[in-house]
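Examining the three-dimensional arrangement
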Amino acid sequence: MDKLFDEFLGIYLNKSNVGNTPENKGQCTGLVNVWANYLKLPHLWGNAKDIPLYADLNKYQRVVNTPTGIPPKGAILIWTGNYNPYYIKGVRRTGFGHTAIVQSANVNTITVFSQNDPLGSKCIIKKYPNYNHVYGWLIPKIAAQPKGDDVILNEIKAIYDGVGTPKEKVDKIFALKR
């Protein structure tokens, strides 16, 4: 997942109006849905705060935030509607929430790849000092990525340099998973 996230970041960092529907272009959900598409996963419908309700749990693992929880790189972080409330005639209303992609995290702070926070911003890296109003995160369930040629060659070299008869070494090499 790290490599995929880094590739995605390289493509979309500092881009504006990222999204895959007319409704989500430039919104936080736009960047997150382009990320889901990049991972060949289904669209996440609704406002940011609603994403956990509609996510396909066969494709995403839903994790509720706890005081000791740490989302992994590439997870989709979701804030509740209390993150960005708005007011009508002085009455506080629940907002649409927010969503972003985790770059790094610990139990105290979180750094994400985000769009439209602050309002109207392009795709940026943003560090949050706490998990206030974070509902939780979705961990994409993606198929294992094929190993690169450099990894395969290193595994073959380790087998070749290791112990065993020539036949055992050849058998181990042919048993390698790509």
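Residues numbered from 1 in each chain as written. Predicted model: local features only at pLDDT ≥ 70, side-chain atom pairs only at ≥ 80, totals over all residues. Heavy atoms only, no water.

What describes a pair of aromatic rings is the distance from one ring centre to the other and the angle between the planes of the rings. In the structure shown here, the tally under the stated rule is 8 aromatic pairs. Between Phe8 and Tyr12 the ring centres are 4.7 Å apart and the planes differ by 40°, which places this aromatic pair in the tilted class. Here the residue Phe8 and the residue Tyr12 both occupy positions in helix α1 (residues 2-12), the gap between them amounting to 4 residues, near one helical turn. Pairwise contacts between aromatic rings join Phe5, Phe8, Tyr12, Trp35, Tyr38 and Phe113 into one cluster. (Phe/Tyr/Trp six-rings, centres within 6.5 Å; stacked < 30°, edge-to-face > 60°. Helix = DSSP H or I, 4+ residues; strand = E, 2+ residues; numbered from the N terminus.)

In a beta sheet, neighbouring strands are held together by backbone hydrogen bonds and run either parallel or antiparallel to one another. The strand order across the open sheet built from 6 strands is β1-β8-β2-β5-β6-β7, with neighbouring strands paired in antiparallel fashion. Pairing within the sheet leaves two strands with one partner each, and these edge strands are β1 (60-64) and β7 (124-128). When strand polarity is set aside, the average angle formed by the axes of neighbouring strands in this sheet is 35°. As defined by bridge partners, strand β6 (residues 110-114) adjoins β7 across 5 bridges and the pair is classed as antiparallel. From the neighbouring strand, Ile110 faces β7, where its bridge partner is Tyr128. Each of β5 (98-105), β6 and β7 is contacted by α1, which is oriented at about 125° to β5, the strand it contacts most. Along the sheet face, helix α2 (residues 28-38) touches β1, β2 (76-79), β5, β6 and β8 (134-140) and points at about 60° away from the line of β5. (Pairing = 2+ DSSP bridges. Axes fitted to C-alpha atoms, helices over the stretch in contact; angles between N-to-C directions. Contact = heavy atoms within 4.5 Å.)

When pLDDT is averaged across the protein chain, the result is 86; 90% of the residues are at 70 or more. Mean pLDDT per element in the protein chain: helix α4 (residues 149-161) is the minimum at 69, and β6 is the maximum at 96. (pLDDT = per-residue confidence, 0-100.)

Structurally, Lys40 can be placed in the loop between α2 and α3 (51-54). By relative accessible area, which is 75% here, Lys40 ends up exposed. Along the primary structure Lys40 and Asn116 are separated by 76 residues, whereas in three dimensions their C-alpha atoms are 23 Å apart. (Buried < 20%, exposed > 50% of the residue type's maximum accessible area, 1.4 Å probe, protein only.)

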